[in-house]
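Listed below, chain by chain, are the residues.
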Protein chains: 2
Amino acid sequence: MSPRRSAAAALETREEIVARAVVVASTDGLEGLTIGRLAGDLSMSKAGVIGHFGTKERLQLATLEEAITIFTREVWAPVADLPAGLERLLAICDAWIAHLQSGVFPGGCFLTAASMEFDGRAGPVRDRVIAGFEQWRAAVERDVRAAVKAGQLPAATDPAQVWFELNALAIGLNQALQLLGDEEAPVRARRAMRRAIGVGAAE
Amino acid sequence: MSPRRSAAAALETREEIVARAVVVASTDGLEGLTIGRLAGDLSMSKAGVIGHFGTKERLQLATLEEAITIFTREVWAPVADLPAGLERLLAICDAWIAHLQSGVFPGGCFLTAASMEFDGRAGPVRDRVIAGFEQWRAAVERDVRAAVKAGQLPAATDPAQVWFELNALAIGLNQALQLLGDEEAPVRARRAMRRAIGVGAAE
DNA sequence: GAATTTAGCAAACGATCGTTCGTAATCTAT
DNA sequence: ATAGATTACGAACGATCGTTTGCTAAATTC
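No experiment lies behind these values; they were computed from the predicted model shown.

Draft legend 1. Region of the structure containing the packing of helix α6 (residues 110–118) of chain A against helix α7 (residues 124–149) of chain A. Residue and element names in this part refer to chain A. Where α6 contacts α7, the two axes come as close as 10 Å, and the packing angle between them is 135°. For the element pair α6 / α7, the angle class is oblique. When the axes of α6 and α7 are compared, the crossing they make is left-handed. Along the contact surface, α6 presents L111, A114, S115 and F118, while α7 presents V125, R126, V129 and F133. Residue composition of the contact of α6 with α7, grouped by class: six nonpolar, one polar and one charged.

Draft legend 2. A look at the nonpolar core. In this structure, W96, W136, L166 and I197 of chain A are the most contacted members of the largest nonpolar core, which totals 66 residues. The biggest single contributor to this core is helix α5 (residues 86–102) of chain A, with 10 residues. Setting aside its immediate chain neighbours within four residues, L166 of chain A contacts L89, C93, W96, V140, M193, A196 and I197 of chain A. Formed by 64 residues, the second largest nonpolar core is a distinct cluster that contains L38, L100, F110 and A196 of chain B.

Draft legend 3. Examining the packing of aromatic side chains more closely. Residues and elements named next belong to chain A. In this structure the tally under the stated criterion is 10 aromatic pairs over all chains. Centroid distance W96 to W163: 6.3 Å. Interplanar angle 20°. Geometry classified as stacked. Of the two residues, W96 sits in helix α5 while W163 sits in helix α8 (residues 159–180), which places them 67 residues apart along the sequence. When its relative accessible area of 4% is taken as the criterion, W96 is described as buried.

Calculation notes
Within each chain, residues carry numbers counting from 1 in the order of the written sequence. Numbering of ligands from 1 and lettering of chains from A proceed in the order in which they are written. A pLDDT threshold of at least 70 governs which residues receive local features in this predicted model, and a stricter bar of 80 or more applies before side-chain atom pairs are shown or counted, although totals over entire chains, interfaces and linings include all residues. Hydrogens and water are ignored here; the side-chain numbers use all heavy atoms of the structure. Throughout, an axis means a line fitted to C-alpha atoms (over the contacting stretch in the case of helices), and angles, computed between N-to-C directions, take values from 0 to 180 degrees. Strands here are runs of E lasting at least two residues and helices are runs of H or I lasting at least four, both read from the DSSP assignment and numbered beginning at the N terminus. In these notes the angle categories are as follows: under 35 degrees is roughly parallel, over 145 is roughly antiparallel, 65 to 115 is roughly perpendicular, and the rest is oblique. Left-handed is the label given to a crossing in which the near helix is rotated counterclockwise from the far helix by less than a right angle, and right-handed is the label when the rotation is clockwise. Any two residues having at least one pair of non-hydrogen atoms within 4.5 Å are treated as being in contact. Polar here means any residue outside two lists: the nonpolar Ala, Val, Leu, Ile, Met, Phe, Trp, Tyr, Cys and Pro, and the charged Asp, Glu, Lys and Arg; Gly therefore counts as polar. Among the buried residues, those of types Ala, Val, Leu, Ile, Met, Phe, Trp, Tyr and Cys that are joined through side-chain atoms within 4.5 Å form a nonpolar core. The buried label goes to any residue with under 20% of its type's maximum accessible area, the exposed label to any with over 50%, and the partly exposed label to all in between, with areas taken from a 1.4 Å probe on protein chains only. Working definition: a ring pair exists when centres of Phe, Tyr or Trp rings (six-membered ring for Trp) sit within 6.5 Å. Plane angles under 30 degrees give stacked, over 60 give edge-to-face, the rest tilted.

Laid out in structure tokens, this is it:
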């Protein structure tokens, strides 16, 4: 078969490719992602796959972008409507934990894996990973500051420290779930996150 | 040149290969490790490289084993002589942080990277990674229990919870250093580790 | 309805992957 | 000194890598 798809349908094809790429890269890594593998999975030719992106690196970037979109939808969107402050910060933590448990990415947190995979290689993929983390960090720290300003957290609270700990705990939870299948990890992570924020675990 | 090395020297060759493999895999991952690349770096033939291991998987296992040995030497050996308990637990944390800062692995913590890379693929490499983490976890938890027994920590202290948090913070520190070059991360990690243990940061 | 653009395929490109084979050089053991 | 193991090499294996090139057939534009 040859190109019997309309321009709109071609966009769909591109989305199908990216959707599959996210799944594959989630377990095999962005570098382990392969055009031939993708073509086989989708019953397409290699040229048909790469044609939508031009280059493997741009395919990786598109895949990363989609993963960031999914993360945003899973973790940020559910809490976006809450007012900035402690309540939303706690909701973020719970959504974060739920996301890591959800199995949306079969190979575990995509961004975490990508950050480890590309932390030593320069290039646009690494740059995008960094930008993604910085954006997420800014969102979390904003709520910490709002909670401090509202008197919900002690004035001495350091937003950067809270972010550091929450992010570390999320990564640690991801490892515990993916590598060890530790079923107690989510509750441990929640407890530690509450403590990192400076709020009783009874919350 | 052809094989003009004695049996003893051949062991040296093997060690040289593994030493180089640790460096390469530290940045490119155990899967990104390539026999041809290794042969080029060492001015050897591919057959000469793989001949010492038989299989790439066994080369990966030897590389992983060496990385575990290095980690043990860097983090455990300096504190092994201390008596079990709170003092050694705190020393472990400091040695751990120092190790992550040391740049022994140019691409960051080898075990962390390997755990992310292989957390979705069955096989002996993944099994060895898990065993390495379990062994390290047992060592840390042992000191937590000893500290509790000695009355240095509250009786309600949960060793598994402490391990979970310390490990997460170490991974988070590794990411902050490698991906973001965050120079404040080590002091943040140290502070959080002290708090996870349940000891004042002034210690 | 004719001309142009586009989606996707089949095939091939050189490069590299992990692995195997035969062979020469060296070491070890008799 | 001679025989047998090793060590490592060069060369080749089939497979797969990312990418490029023509081509066909459908969709779009004029």
